[in-house]
Amino acid sequence: MNLIKPHDRISLAEKIGRPSVALVVDDFYNRVQTHPTLAKPFSIVAHWQEHKQRITEFWWIALGGKPTASYSYDPVSKHFLAGFNQTLLSDWKALFFEVTHTHLSPELASAWQQRVEMIGENLLRQNDKLLGDRGRPST
Ligand code: HEM
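Residues numbered from 1 in each chain as written. Predicted model: local features only at pLDDT ≥ 70, side-chain atom pairs only at ≥ 80, totals over all residues. Heavy atoms only, no water.

A. Fine view of the overall build of the chain. Across its full length, the chain carries six helices and zero strands. Secondary structure elements of the chain occur, N-terminal to C-terminal, as α-α-α-α-α-α. The 139 residues of the chain split such that 35% are buried. Once local pairs closer than 6 in sequence are excluded, the contacts in the chain between residues at least 24 apart make up 71%. Roughly 8900 Å² of accessible area belongs to the chain as shown, and the carbon and sulfur atoms make up 57% of that amount. (Helix = DSSP H or I, 4+ residues; strand = E, 2+ residues; numbered from the N terminus. Buried < 20%, exposed > 50% of the residue type's maximum accessible area, 1.4 Å probe, protein only. Contact = heavy atoms within 4.5 Å. Areas by Shrake-Rupley, 256 points an atom, 1.4 Å probe, with all protein chains shown as cover.)

In structure tokens, the structure reads:
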């Protein structure tokens, strides 16, 4: 019998490859900067090259790759301060979907998008907790 041991499994990060992860991140944040609703919250980013590098590493790890740098992240409070909400999240996901489908096969793009959905739901839940009894905004 030909059993695949857990450590032999190829991660989604490796299937996509580091250069393509970086390409998706680069193209996504270039489009963000002129996007009708996302450009404004993202105007707080001062150093785009540094932001792209941090996010490339974030996705590399989130997609199962081995760490290549030692960044620390604090996405929940950073997103809260940037005015994160459900509408912006939908716009973010739609744009991300467009970009992954521009650069990757439909299979790899959908697999990555599934991780986006999970992380997005989690960010929304944590953001709602921070909003506390002010509740989820209606926008
Ligand atoms: C599933 C969707 C999203 C994911 C996976 C994601 C991921 C991330 C990550 C990992 C960071 C870096 C955080 C850190 O350095 O600690 C970040 C930063 C940021 N995100 Fe998101 N994000 C998402 C959606 C959004 C949305 C909808 C907005 C709109 C408000 C947004 C606005 C920002 C901004 C402005 C920053 C920079 C914050 C700063 O450097 O102070 N993100 N995001």
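B. How the structure looks around the site of the ligand. The ligand sits among 23 residues. The nearest are F42, R54, D74, K78 and H79. Here an oxygen atom of the ligand sits 3.1 Å away from a polar atom, N or O, in the side chain of K78. Only α3 (48-62), α4 (75-81), α5 (86-103) and α6 (106-131) provide two or more residues apiece to the shell around the ligand. (Near = heavy atom within 4 Å. Polar contact = N/O pair within 3.5 Å; in protein donor to acceptor, adjacent residues only side chain to side chain.)

C. α3, seen in detail. Here α3 contains 15 residues, and its C-alpha end-to-end distance of 20 Å stays within 8% of the 21 Å for a straight helix at 1.5 Å per residue. Restricting attention to buried positions, one finds in α3 the residues W48, H51, K52, I55, T56, E57, W59 and W60. Against α1 (12-16), α2 (18-32), α5 and α6 lie the buried residues of α3. Where α3 ends, the next residue or the one after it, G64, has phi of about 100°, a positive value. (Expected span 1.5 Å × (residues − 1).)

D. Representation of the pattern of salt bridges in the model. If you walk through the whole model with that rule in mind, you get five salt bridges. One salt bridge connects R31 with E98, and the closest N-O pair in it is separated by 3.4 Å. With R31 in helix α2 and E98 in helix α5, the pair connects residues that are 67 residues apart, well separated along the chain. Residues joined by salt bridges that share partners form a network here, namely D27, R31 and E98. (Salt bridge = Lys/Arg side-chain N within 4 Å of Asp/Glu carboxyl O.)

E. Spatial organisation of the side chain of E57. Counting through the fold element by element, E57 comes out in helix α3. If we ignore the near neighbours within four places in the chain, the residues touching E57 are R18, P67, T68, A69, Y71 and Y73.

F. Main features of the environment of G65. Along the chain, the position of G65 falls in the loop between α3 and α4. Its relative accessible area of 10% is what places G65 among the buried residues. For the pair G65 and E14, spaced 51 residues apart in the sequence, the C-alpha separation amounts to 6.6 Å. For G65, the contacting residues outside a window of four places in its chain are S11, A13 and W60.

G. Up close: the side chain of S11. With respect to the helices, strands and loops of the structure, S11 is situated in the segment before α1. A relative accessible area of 13% places S11 in the buried class. Within the structure, the side chain of S11 is placed 2.9 Å from the side chain of E14, a separation counted as a polar contact. Ignoring any residue separated from it by four or fewer positions in sequence, one finds S11 in contact with L63, G64 and G65.

H. Layout of the packing of α2 against α3. Two elements in contact, α2 and α3, have axes whose closest approach is 9 Å; the angle formed by their N-to-C orientations is 135°. It follows that α2 is oblique to α3 by the angle criterion. Every pair of crossing elements has a handedness; the one defined by α2 and α3 is right-handed. Mapping the contact onto sequence places R18, V21, A22, V25, D26, Y29, N30 and V32 in α2 and W48, H51, K52, I55, T56, E57, W59 and W60 in α3. Residue composition of the contact of α2 with α3, grouped by class: nine nonpolar, three polar and four charged. (Axes fitted to C-alpha atoms, helices over the stretch in contact; angles between N-to-C directions. Parallel < 35°, antiparallel > 145°, perpendicular 65-115°, else oblique. Left-handed = near helix turned anticlockwise from the far one by under 90°. Nonpolar A, V, L, I, M, F, W, Y, C, P; charged D, E, K, R; others polar.)

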